[in-house]
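Structural overview
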Amino acid sequence: MRTRLLVAFIVVALLAALTSAWLTNVLIPFFPTVHGLLPAPKPFVMRFVTTLHQHPTVLLHPNGLAALAFFLAPAVLLLIVIIGLAFLASRPVLTPVRRLAHAAERMSAGDLSVRVQPKGKDDLARLVGSFNDMAAALDGKIDELQRMESRARQFAGDVSHELRTPLTAMTAVTDLLGENEDLAGDAAAAARLVRQEILHLGRLVDDLIEISRFDAGTARLVTDETDIATAIGRCLRARGWENVHAAVPDGLTVPLDRRRFDVIIANLVGNALGHGGSPVAVSAGLRPDAHGGQHLEVAVRDRGPGLSPAAIEQVFDRFYKADTARARSEGSGLGLAIASENARLHGGHIEAGNHADGGAVFTILLPVPDGKSGGLSAPSQ
C-alpha cells in the first residue's frame, strides 16, 4: 500500500514539473513584461509560438486566447491524470473496505458463515484475516451455545416425562389418604400438604412438557369454528371462577384451536386473580387491522396495582417474577410464557400494559381469516 502511494506521488510530481516547464517555455512569451525574468524558450517551442503570431486566423487574439489555451491544456491534462491516479490508487484500498462492510452487514443480519477472501499481504489483507478469525470464533461460540441450549431443553423435557409416571402414582396415593377418615390432626394436615405440593409439581411438569413442545417445534394447531362467548364461559366455569365478569357478544365465531385458546384464557385470568386484584373482567370483539383485515381482540383486566415498565418488558419470560420478594410462585412460572407461545402459534401475540383507570391489561390479538368471522364488536375494557 505504501509503495503504491509513493509511486502515485512521484508521478504527480513529474507531471507538475512538466506543467511548470510548459508554462515557462510556452505561456510566458506571450507576456513581454515578465519575459525577461524567465529563461528563453527552447528553439522548437519558439518556432511554434512564432507560427501562432504569424497566422492571426489561428486565434483571434493570440496574446489572450492563446495564453489561455496553453494554460488550460496542461491544467486539464494534469487534473485528468491526477484523478485517474487517485482512482487507481484508492481502488485497491476501497474495494476490500467495501467487501468488509458488506460482510459486516450480513453478519449483523445473522449470517455468521460469511467470510472475506484476503488478497495480498498488506495491512488490509491482515485486517480481512482478523475479520475472518473473529467471524469464525463467533460462529463457533454461537453453535456451542445453541447445542448447550438444545441439550438443556432436551434434558428438561426428558426429566418432565420421567417425572410424570411417579407423580401420577403419588397423586393417586394422596387422593386415597385424603379420603381416609381415620386420619386426623397433624396426620390429616400433612396429607393435605403433601397432596397440594404434588399437585403443584404436577402442574410444573405439565407446563415443562408443553413448553418443550414449543421449543422442539412439534406444537400444532387443530382449528375449529369456535364460539368465543361459549369458549370463555366454559373456561371460567371449569375452574370455578364465577366472580370473573365476561363481556363477549353472542354469535362471535372465529376459527381457533379450542384447547390452546382455553389455555391462553386460563393462564391470563389465573394470573390476574393471583397477582392482580379483583374484580377481573374479560371482554372480546373484532377489530380491523392495518392491512384491511380483522383480528380477534380479547382483553383481560384486573384492578390491581398494575405493572412496572420493567415487568411489562419481561412479563412473558419464563420463570419471571414481578415481585422479587416472593420466594416461591404459586404457579409454575410458565403460564404467561405458554400463553404467549400459544398466541404466536395462532399467528398473533399478547400485549401487556396498564389501564388508564388502574390495573393491568393483557390483550390477546389473533388474526382472523377473511370471511371466517361473525359478530363484529369492539371489546370494552
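Residues numbered from 1 in each chain as written. Predicted model: local features only at pLDDT ≥ 70, side-chain atom pairs only at ≥ 80, totals over all residues. Heavy atoms only, no water.

1. Observations concerning the side chain of Asp-257
Formally: Secondary structure counts use DSSP, requiring at least four H or I residues in a row for a helix and at least two E residues in a row for a strand, with both numbered from the N terminus. Any pair of residues with heavy atoms lying within 4.5 Å of one another is described as a contacting pair.
Within the secondary structure layout, Asp-257 lies in strand β3 (residues 253-257). The contact partners of Asp-257, leaving out residues within four places of it in the chain, are Arg-220, Leu-221, Val-222, Thr-223 and His-346.

2. Considerations on the packing of aromatic side chains
The relation between two aromatic rings is expressed through the spacing of the ring centres and the mutual angle of the planes. Rules: Each Phe, Tyr or Trp ring, with Trp reduced to its six-membered ring, pairs with another whose centre is within 6.5 Å; inter-plane angles below 30 degrees give stacked pairs, above 60 give edge-to-face pairs, and intermediate values give tilted ones.
Considering all chains together, one arrives at one aromatic pair under this definition. Taking the centre distance of 6.0 Å and the plane angle of 85° together, the rings of Phe-316 and Phe-362 count as edge-to-face. Of this pair, Phe-316 sits in the loop between α9 (309-314) and α10 (335-345) while Phe-362 sits in strand β7 (residues 360-368), and the two are 46 residues apart along the sequence.

3. Section: the packing of helix α7 (residues 228-238) against helix α8 (residues 258-275)
Each pair of packed helices can be described by the angle between their axes along with the distance between the axes. Rule in force here: For helices, the fitted line uses only the C-alpha atoms of the stretch in contact; every axis is such a line through C-alpha atoms, and the angle between N-to-C directions lies from 0 to 180 degrees. Small angles under 35 degrees read as roughly parallel and large ones over 145 as roughly antiparallel, with 65 to 115 read as roughly perpendicular and the rest as oblique. A crossing counts as left-handed when the near helix is turned anticlockwise from the far one by less than a right angle, and as right-handed when that turn is clockwise. Under the scheme applied, nonpolar residues are Ala, Val, Leu, Ile, Met, Phe, Trp, Tyr, Cys and Pro; charged residues are Asp, Glu, Lys and Arg; polar residues are all the others, including Gly.
Running from N to C, α7 and α8 cross one another at 55°; their axes reach a closest spacing of 10 Å. The angle between the axes of α7 and α8 places the two elements in the oblique class. The handedness of the crossing between α7 and α8 comes out as right-handed. In contact with Ile-228, Ala-231, Ile-232, Cys-235 and Leu-236 of α7, α8 contributes Phe-261, Asp-262, Ile-265, Ala-266 and Val-269. For the contact of α7 with α8, the residue count by class is nine nonpolar, no polar and one charged.

4. Things to note about the sheet that holds β7
How we decide: In this analysis, strands are considered paired if DSSP registers two or more bridges between them.
Spatially, the five strands line up as an open sheet ordered β2-β4-β5-β7-β6, and their pairing is mixed. The sheet is open, and its two borders are formed by β2 (245-247) and β6 (349-354), each paired with just one other strand. Each strand axis lies, on average, 20° off the axis of its neighbour in the sheet, ignoring direction. Sheet topology note: the strand β5 (residues 294-301)/β7 ladder contains eight bridges and is antiparallel. Bridging across to β7, Gln-294 finds its partner in Val-368. Running over the sheet, α10 touches β6 and β7 and is turned about 130° from β6.

5. Structural notes on the confidence of the model for the chain
Here is the rule: Here pLDDT means the predictor's own confidence in every residue, given as a number from 0 to 100.
For the chain, mean pLDDT is 77; residues scoring 70 or higher make up 72% of the total. Predicted confidence is poor over residues 31-42, with pLDDT under 50, and the contacts of this stretch with residues over four places away or in other chains come to 14 contacts. Contacts from residues 56-63, a stretch scored under 50 in pLDDT, to residues over four places away or in other chains number 11 contacts.

6. Focus: α8
Heads up, the rule is: One fewer than the residue count of a helix, multiplied by 1.5 Å, yields its expected span. The rule is simple: take the accessible area with a 1.4 Å probe, protein chains only, and divide by the maximum for that residue type; under 20% is buried, over 50% is exposed, in between is partly exposed. A 3.5 Å cut-off defines polar contacts: any pair of N or O atoms within that distance qualifies, except that in protein one atom must be a possible hydrogen donor and the other a possible acceptor, and neighbouring residues in sequence count only when both atoms are side-chain atoms.
When the terminal C-alpha atoms of α8 are compared, their 25 Å separation across 18 residues agrees well with the 26 Å that a helix rising 1.5 Å per residue should span. Among the residues of α8, those classed as buried are Arg-260, Phe-261, Ile-264, Ile-265, Ala-266, Leu-268, Val-269, Asn-271 and Ala-272. With a side-chain oxygen lying 3.2 Å from the backbone nitrogen of Arg-259, the N-terminal cap of α8 falls on Asp-257.

7. Some remarks on the side chain of Asp-302
How we decide: In this tally, Lys and Arg are treated as positive and Asp and Glu as negative; His is ignored, and so are the chain termini. Any Lys or Arg side-chain nitrogen found within 4 Å of a carboxyl oxygen on Asp or Glu counts as a salt bridge.
Relative to the helices and strands, Asp-302 is located in the loop between β5 and α9. With no salt bridge to any partner, buried Asp-302 finds its closest opposite charge in Arg-301, at an N-O distance of 6.7 Å. Within the local environment of Asp-302, its side chain forms a polar contact with the backbone nitrogen of Gly-304, the two atoms lying 3.0 Å apart. There is a polar contact of 2.9 Å between the side chain of Asp-302 and the backbone nitrogen of Ala-360. If we skip the residues at most four places from it in the chain, Asp-302 touches Ala-272, Gly-276, Gly-277, Pro-279, Val-280, Gly-358, Gly-359 and Ala-360.

8. Comments concerning the packing of α8 against α10
Look at α8 against α10: their axes get within 9 Å of each other, and the N-to-C directions meet at 145°. Judged by the sense of rotation from one axis to the other, the crossing of α8 with α10 is left-handed. Together, Arg-260, Val-263, Ile-264, Asn-267, Leu-268 and Asn-271 of α8 and Gly-335, Leu-336, Ile-338, Ala-339, Asn-342, Ala-343 and Leu-345 of α10 make up the contact between the two elements.

9. Some details on unusual backbone geometry
The omega torsion across Ser-278 and Pro-279 is 0°, close enough to zero to call that bond cis. By the element assignment, Pro-279 lies in the loop between α8 and β4 (281-288). Positive phi, normally seen in glycine, also occurs at Phe-319, with a value near 60°. Within the fold, Phe-319 resides in the loop between α9 and α10.

10. What about the environment of Glu-341?
Assignment of secondary structure puts Glu-341 in helix α10. Its relative accessible area of 22% is what places Glu-341 among the partly exposed residues. As a C-alpha pair, Glu-341 and Ile-211 span 130 residues in sequence and 8.3 Å in three-dimensional space. Not counting chain neighbours up to four residues away, the residues in contact with Glu-341 comprise Ile-211, Phe-214 and Arg-318. At 3.1 Å, the side chain of Glu-341 and the side chain of Arg-344 are in polar contact.

11. Thoughts on the pattern of salt bridges
Within this structure, the stated rule accounts for nine salt bridges. For the salt bridge of Glu-210 with Arg-213, the shortest nitrogen-to-oxygen distance reads 3.1 Å. Within this pair, Glu-210 and its partner Arg-213 are both found in helix α6 (residues 186-216), separated by three residues, close to a single helical turn. Glu-210 sits in the buried class, given a relative accessible area of 11%. The partner of Glu-341 in a salt bridge is Arg-344, with the nearest N and O atoms 3.1 Å apart. In this pair, Glu-341 and Arg-344 both sit in helix α10, three residues apart, roughly one turn of the helix. Arg-344 sits in the partly exposed class, given a relative accessible area of 49%. Here the salt bridges do not stand alone but share partners, grouping Glu-210, Arg-213, Asp-257, Arg-259 and Arg-260 into one network.

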